[in-house]
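# Structural features, examined
Now for the letters of each chain:
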Protein chains: 2
Amino acid sequence: MFSQRIMQLKPYTPGEQPQDKKYIKLNTNENPYPPSPMVEKAIREFDVATLKLYPDPESNKLKQAIADFYGKKRENIFVGNGSDEILALAFYAFFDRNNGTLLYPYPSYSFYPVYCNFFNIEKKEIQTRPDFSIDIEDFLAEPNPSGLIFPNPNAPTAMGLAKPKIIELLERFPSDRVVIIDEAYVDFCDLGADDLIDRFENLLIIKTFSKSRSLAGMRLGYAIGSKKLISALNTAKNSFNSYPVDRIAEVAGVAAMNDKAYFQETNQKICKTRDYLANWLNSNGWEALESSANFIFARKPGISGQEIYQRLKDEGILVRYFNLDRINDFVRITIGTDAEIQALIDRLTDFK
Amino acid sequence: MFSQRIMQLKPYTPGEQPQDKKYIKLNTNENPYPPSPMVEKAIREFDVATLKLYPDPESNKLKQAIADFYGKKRENIFVGNGSDEILALAFYAFFDRNNGTLLYPYPSYSFYPVYCNFFNIEKKEIQTRPDFSIDIEDFLAEPNPSGLIFPNPNAPTAMGLAKPKIIELLERFPSDRVVIIDEAYVDFCDLGADDLIDRFENLLIIKTFSKSRSLAGMRLGYAIGSKKLISALNTAKNSFNSYPVDRIAEVAGVAAMNDKAYFQETNQKICKTRDYLANWLNSNGWEALESSANFIFARKPGISGQEIYQRLKDEGILVRYFNLDRINDFVRITIGTDAEIQALIDRLTDFK
């Protein structure tokens, strides 16, 4: 009754979204602050009667707001129902076993192998160094890439790849193979590579409103790239779902993009809380990898990630652990408000 | 730079969504009435601060509201970002050239061949009869189907297939091949087949909030089927995008599903206006196919569909025509309000 494709899928498992008990929720890298007051205003003033009409299939107002923010043209912007949807369409459009092997680091975002299975793409995971850093030489040593994708900062390690290394990678990587930088967390550091899209036609940047713009519940993502790449993404989208962004999501996205002051203020607060927590952890017997994101990847020698997760859950705090090679003694801790992080520290103080 | 897949795509072209001039818009089968007042209330009362959190990836509250409406279990319901997205995932999950050839009628929804190209599915269009009716014998005569999909009522003809014929088709079609009935327009007649899902495990019904619930701008669709089919759709969804339905769409969908009185009242109004227009057309030198939907497919001997479309557009009314085999002398007219349809009739009165 089923296609052969579906028989071999291993779907992605998102982090817990408990619908019942109230937790301090530090497990899915959401923003602890609400969306901009301008988003609230846009939704309050939205004319609900217009929902009877389809949205603009091109989401041109949203694309324009994003283009303005980054100093790009609208033709350099693609939008979708969350950055996961954009990643899926990009895997479809750019990576193909007939062209070689897709490269991505390990550990990294665990949705990448899922997309490869979904679209039958040949893949190779490139191990990060023992300290979990990415070394571009390890990508460049591979003989026949169909493309490359990596998050910057990487997930779940939170570690960033420096801008000069990104430029060197793009200069030396085959110019007829697409390089995707998944910048879901880039607004919590200064490693954004969107300024490079004019120089490298094969570079696609994928970003999201879910983290730095507090809109995980609205499902909005975007991509920045050359006209050629964006045009291919449009072809894929229009063969799958013509109208992925609804009317309310579009006005919310425009408002979030326009409120630069709120965006900067909340992100700076999160970075400050992050640095405070990292400092506390490293001074109290934990090992926290250097974070450029809104989360920290940390371990305490002698305790497994699962045990830390379970003990914190029992005390009302959700973090995430991954029962995977090399990282099963870590937990990933999302940066919450100062009060939430203080509550976490209080629990961790007597952790043995 | 691109995958081989994307090189051969021919994307779907949705109907015009003019962003500038004000038209009487009878071209994309939207509902002329606003969503239920309960939808307005749900959106007005929505707590915007919660948008910082991901939605429930399972959309369980929405599934429950749909299950309650149809007297089903939640495990029989799937939801997505518009019924187009659900169609795409269903094509992926159920149809495969290794299992044979997918059948669908011609003319029909022009997104079906697009999905086939997108997922490399072998297809065969089965011509409707000269009067555009579907004859189930034409499907049953095909030797090696991988599955079958047809809209009921069909689009763009608006013609319905009678319930006894649907039952006979399901009884005689291979029980290990999926049959999808695309019921986007079924709420404007009484041909719904959702009561058959317990009897036929291979039957999937796909429906939308866009037409009969006035929520085209919100992007919400759903499917009803056996636990086995719904489970396969979940696997596909969780390999593509874990959270297709945003938080506001979910509460809007629940409210729309719960307001049965408004749903019935607006649909009855539309059916009444439709029957009035059909009667006028058939009494004034036009030929309108018998409609079970919220639109009418009609022609006037001696004028091409494109000419009718252009002359009406010049006068401020948008309808849709299709430059396709057998139907290029028709236009598809969405049922508007009584005033909009009267304005159309006024223009058509002196059509030569």
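Owing to the predicted nature of the structure, the values given are computational and were not obtained by experimental measurement.

### Quick word on the pairing of strand S6 (residues 178-182) of chain A
Residue and element names in this part refer to chain A. For S6, the buried fraction is high: 5 of the 5 residues fall into the buried class. Residues Val178, Ile180 and Asp182 line one face of S6 and the alternating positions Val179 and Ile181 line the opposite face, and both faces are buried. Inspection of the sheet shows strand S5 (residues 145-151) paired to S6 by 5 bridges, in the parallel sense. The partner of proline 151 across the bridge, within S6, is aspartate 182. Across 4 bridges, S6 lies against strand S7 (residues 203-208) in parallel orientation. Residue pairing across strands places isoleucine 181 opposite isoleucine 205, the latter belonging to S7.

### Observations regarding the domain arrangement of chain A
Residues and elements named next belong to chain A. Per the domain assignment, the segments of chain A are domain 1 (4-34 + 261-348) and domain 2 (50-259). Centre-to-centre, using C-alpha coordinates, domain 1 lies 23 Å away from domain 2. Between domain 1 and domain 2, the contact holds 33 residues from the first and 33 residues from the second. Taking both sides of the interface into account, the surface hidden between domain 1 and domain 2 amounts to around 2,700 Å²; carbon and sulfur atoms contribute 60%. Our enumeration of links across domain 1 and domain 2 arrives at 0 salt bridges. Mapped by element, the contributors of at least two residues to the side of domain 1 that touches domain 2 are helix H10 (260-282), strand S10 (295-299) and strand S12 (330-334). Ranked by the residues each element gives to the side of domain 1 that touches domain 2, the list is headed by H10, at 7 residues. Split into classes, the residues belonging to the side of domain 1 that touches domain 2 amount to 18 nonpolar, 7 polar and 8 charged.

### Quick word on the packing of aromatic side chains
Between two aromatic rings, the relevant description is the distance of the centres plus the angle of the planes. For the coordinates displayed, the defined rule picks out 53 aromatic pairs over all chains. Centre to centre, the rings of phenylalanine 240 of chain A and phenylalanine 240 of chain B are 4.4 Å apart; their planes meet at 20°, and the pair counts as stacked. Separated into two different chains, phenylalanine 240 of chain A in the loop between helix H8 (227-237) and helix H9 (247-258) and phenylalanine 240 of chain B in the loop between helix H8 (227-237) and helix H9 (247-258) make up a pair that spans both. Using a relative accessible area of 1% as the deciding quantity, one classes phenylalanine 240 of chain A as buried. Arranged with centres 5.3 Å apart and planes meeting at 75°, the rings of tyrosine 92 of chain B and phenylalanine 119 of chain B form a pair that is edge-to-face. With tyrosine 92 of chain B in helix H4 (residues 83-94) and phenylalanine 119 of chain B in helix H5 (residues 112-119), this residue pair connects regions lying 27 residues apart in the sequence. On the basis of relative accessible area, tyrosine 92 of chain B is assigned to the buried category, the value being 1%. Phenylalanine 119 of chain B gets classed as buried once you look at its relative accessible area, which sits at 6%. Of the aromatic side chains, those joined through ring pairs into one cluster are Tyr12, Phe91, Phe95, Tyr104, Tyr109, Phe111, Tyr112 and Tyr115 of chain A. Residue placement shows arginine 332 of chain A over the ring face of phenylalanine 295 of chain A; its charged tip is 5.7 Å from the ring centre. In this structure, arginine 311 of chain B packs its charged tip against the face of phenylalanine 351 of chain B, placed 4.0 Å from the ring centre.

### Section: the sheet that holds S12 of chain A
All names here are of chain A. Within the open sheet, the 3 strands sit side by side as S9-S10-S12. Their pairing is antiparallel. Each of the sheet's edge strands pairs with one partner strand only, and the pair in question is strand S9 (287-288) and S12. With 5 bridges joining them, S10 and S12 adopt antiparallel strand pairing. Bridging across to S12, phenylalanine 297 finds its partner in arginine 332.

### Some words on the interface of chain B and chain A
Across the contact, 83 residues belong to chain B and 83 residues belong to chain A. Across the contact surface, chain B and chain A share 0 salt bridges. Linking chain B to chain A there are 48 residue pairs in polar contact (both at pLDDT 80 or more). Put simply, the parts of the chain that give the side of chain B that touches chain A at least two residues each are helix H1 (4-7), helix H2 (37-44), H4, H5, H8 and H9 of chain B. Tallying contributions element by element places H4 of chain B first for the side of chain B that touches chain A, with 8 residues. Broken down by class, the residue content of the side of chain B that touches chain A amounts to 46 nonpolar, 21 polar and 16 charged.

### Things to note about the side chain of serine 226 of chain B
Residue placement: serine 226 of chain B occurs in the loop between strand S8 (221-225) and H8. Look past the residues within four positions of serine 226 of chain B in its chain and what remains in contact with it is Asn76, Ile197, Glu201 and Leu203 of chain B.

### Section: the packing of helix H10 (residues 260-283) of chain B against helix H12 (residues 338-349) of chain B
Residue and element names in this part refer to chain B. Direction vectors running N to C along H10 and H12 enclose 10°, while the axes themselves pass 10 Å from each other. By the angle between their directions, the pair H10 and H12 is classed as roughly parallel. On the side of H10, the interface is formed by Thr273, Tyr276, Leu277, Trp280 and Leu281, while H12 contributes Asp338, Ile341, Gln342, Leu344, Ile345, Leu348 and Thr349.

### Comments concerning the packing of helix H3 (residues 60-70) of chain B against H9 of chain B
All names here are of chain B. It is at 9 Å that the axes of H3 and H9 come closest, and there the two elements cross at 15°. Viewed along their axes, H3 and H9 adopt a mutual orientation that is roughly parallel. When you trace H3 past H9, the crossing you get is left-handed. Side by side, H3 and H9 meet where Asn60, Lys61, Leu62, Ala65, Ile66 and Phe69 of the first sit next to Glu250, Gly253, Val254, Met257 and Asn258 of the second.

Quick notes on the rules
Residues numbered from 1 in each chain as written. Chains lettered and ligands numbered in written order. Predicted model: local features only at pLDDT ≥ 70, side-chain atom pairs only at ≥ 80, totals over all residues. Heavy atoms only, no water. Buried < 20%, exposed > 50% of the residue type's maximum accessible area, 1.4 Å probe, protein only. Helix = DSSP H or I, 4+ residues; strand = E, 2+ residues; numbered from the N terminus. Pairing = 2+ DSSP bridges. Domains from an automatic or database assignment. Contact = heavy atoms within 4.5 Å. Buried area = accessible area lost by both parts, 1.4 Å probe. Salt bridge = Lys/Arg side-chain N within 4 Å of Asp/Glu carboxyl O. Nonpolar A, V, L, I, M, F, W, Y, C, P; charged D, E, K, R; others polar. Phe/Tyr/Trp six-rings, centres within 6.5 Å; stacked < 30°, edge-to-face > 60°. Lys NZ or Arg CZ within 6 Å of the ring centre and 35° of its normal. Polar contact = N/O pair within 3.5 Å; in protein donor to acceptor, adjacent residues only side chain to side chain. Axes fitted to C-alpha atoms, helices over the stretch in contact; angles between N-to-C directions. Parallel < 35°, antiparallel > 145°, perpendicular 65-115°, else oblique. Left-handed = near helix turned anticlockwise from the far one by under 90°.

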